[in-house]
Amino acid sequence: MKPWSPTRRSLLKAGATTAAAIAAPGAFAQAYPARPIRLICPWTAGGSIDGVMRAMGLSLGRILGTTVLVDNKPGASGTLGVIELVNARPEGYTLSQIPPATFSLPNMQKVQFDQLKDITYIAGLAGSTNGLVARTDSPIKSIKDLVDFAKANPGGYTYSSPGVGTFAQLAAEDFAFKAGIKLRHIPYKGDADGLQALLAGHVMALSSSTSWASQVDSGACRLLASYGSKRIKRWAASPTLRELGFNTIPESPFGIGAPKGMDPALVARLQDAFKLTLEDPLVVAVLDKYDMPVHYMGAADYTRWSQDAFDSHKAMITRLGLAAT
């Protein structure tokens, strides 16, 4: 019997099969999605992130040919959504916005997840523009007024934020540290709740993303300063903290994550789909509404960024004296 040797036809057939396997997603990814996708928004309804997640959910649903259901799960500074995420199956049917507190809160208290091992990072999307606002009828009209008041009344100036360990809290505490003052932090479950506390007079200021925009535009609130590296175009008369000599952390990027153990082909498909949402006029309009610049990162870059974010937050939290003991 002659030894077997491949024919030209069999070689061509095998090569084509291999090329197709490389070019196409895995069988599981090809069948995806077979049912609606749950997109967790770890904040209260009515806030800026909620608005963005709902717009992205509509866009993602059109791109993937399915329904995307936004599920609000506020609490634990946005990490309640992360807790739900890491306990879900890695099938692509449970996704969540990954809040900045994912990388800071573990340095401040015990949490029910490992931010470096329990999450599949799908894509970085955008960054929240944050600022410190007060009611217009407040006697505090500027950052200088705030600093003077806080020096005369240590711990007497109160401010709300979306929660402990959020970018909004850390930015405000970083400012206070560099100004040599002490502020009293009153955490809430999200931007919308913190804004209501400010308007009701329960706190003296709000540190958060631009969920306060309509109140500033109407004249009910005043933007004392923004945290970005540049002034916000819509409120160009308001300075940044950096302009005023306080070199605070400027940006608050966020993205989308999934449970650990995701099929790489499915990760790639979702990564590309979310990138396309950033080109959707609906999503672009909502990002513009909340002054959120696009900070797209693919899965690999977003994974690396998450490690860097954890390390940088740890260093800052330790310096501010907020680390868990």
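Quick caveat, the model's predicted, so the values are computed rather than measured.

Asks: What am I meant to see in the sheet that holds strand β4 (residues 119-128) here?
Replies: Backbone hydrogen bonds hold the strands of a sheet together, and the pairing may be parallel or antiparallel. If you walk across this open sheet you meet the 6 strands as β2-β1-β3-β10-β4-β11, and the pairing is mixed. Of all strands in the sheet, those with a lone pairing partner are β2 (68-72) and β11 (294-297), marking the two edges. Looking at each pair of strands side by side, their axes are set apart by 25 degrees on average, direction ignored. Note that β4 and strand β10 (residues 252-259) share 8 bridges and pair antiparallel. When the bridges of β10 are listed, A123 appears paired with I256.

Asks: How should the confidence of the model for the protein chain be read in this particular structure?
Replies: Caution is warranted with low-pLDDT regions, since their predicted coordinates should not be read in detail. For the protein chain, mean pLDDT is 88; residues scoring 70 or higher make up 90% of the total. In this model residues 1-26 is a low-confidence stretch, pLDDT under 50, and it forms 5 contacts with partners more than four residues away in sequence or in other chains.

Asks: Would you mind going over the packing of helix α3 (residues 48-64) against helix α10 (residues 264-277) with me for this structure?
Replies: Packed helices, taken two at a time, are described by the angle their axes make and the gap between the axes. α10 packs onto α3 with a crossing angle of 120 degrees between their chain directions and a minimal axis gap of 9 Å. With respect to α10, the element α3 is oriented oblique. Between α3 and α10 lies a crossing whose hand is right-handed. Residues M56, S59, L60, I63 and L64 of α3 touch α10, and the partners they reach there are R269, L270, A273, F274, L276 and T277.

Asks: Hey, could you run me through helix α7 (residues 167-179) in this one?
Replies: Structural remark: α-helix, 3.6 residues per turn; residues separated by three or four positions point the same way. Given a rise of 1.5 Å per residue, 13 residues ought to cover 18 Å, and the 18 Å separating the end C-alpha atoms of α7 matches this to within 8%. α7 sits mainly inside the fold: 11 of its 13 residues count as buried.

Asks: I would appreciate a short explanation of the nonpolar core in the present structure.
Replies: What tends to happen in soluble globular proteins is that the nonpolar side chains get buried as a cluster. One finds V52, M53, L95, I122 and L125 to be the most contacted residues of the largest nonpolar core, which totals 36 residues. Mapped by element, the contributors of at least two residues to this core are β1 (37-41), α3, β2, β4, β10, α10 and α11 (281-289). Here this core gets 7 residues from one element, more than from any other, and that element is α3. Filtering out sequence-adjacent residues up to four positions away, L125 remains in contact with M56, F254, G255, I256, F274, L278, V294, H295 and Y296. In this structure, I143, V147, A205 and L241 belong to the second largest nonpolar core, which totals 23 residues.

Asks: Sorry, what's going on with α11 here?
Replies: When we look at burial in α11, the residues that qualify are V283, V286 and L287. End-on, the buried residues of α11 take up no more than an arc of 100 degrees, which puts them together on one face. Counted as exposed and oriented over 90 degrees from the buried face of α11: P281, D288 and K289. Where the residues of α11 are buried, they touch α3, β4, α10 and β11. Of the residues flanking the start of α11, the one acting as N-cap is D280, its side-chain oxygen 2.8 Å from the backbone nitrogen of L282.

Procedures and definitions
- Residues numbered from 1 in each chain as written.
- Predicted model: local features only at pLDDT ≥ 70, side-chain atom pairs only at ≥ 80, totals over all residues.
- Heavy atoms only, no water.
- Pairing = 2+ DSSP bridges.
- Helix = DSSP H or I, 4+ residues; strand = E, 2+ residues; numbered from the N terminus.
- Axes fitted to C-alpha atoms, helices over the stretch in contact; angles between N-to-C directions.
- pLDDT = per-residue confidence, 0-100.
- Contact = heavy atoms within 4.5 Å.
- Parallel < 35°, antiparallel > 145°, perpendicular 65-115°, else oblique.
- Left-handed = near helix turned anticlockwise from the far one by under 90°.
- Expected span 1.5 Å × (residues − 1).
- Buried < 20%, exposed > 50% of the residue type's maximum accessible area, 1.4 Å probe, protein only.
- Core = buried A, V, L, I, M, F, W, Y, C linked by side-chain atoms within 4.5 Å.
- Arc of directions from axis to C-beta.
- Polar contact = N/O pair within 3.5 Å; in protein donor to acceptor, adjacent residues only side chain to side chain.

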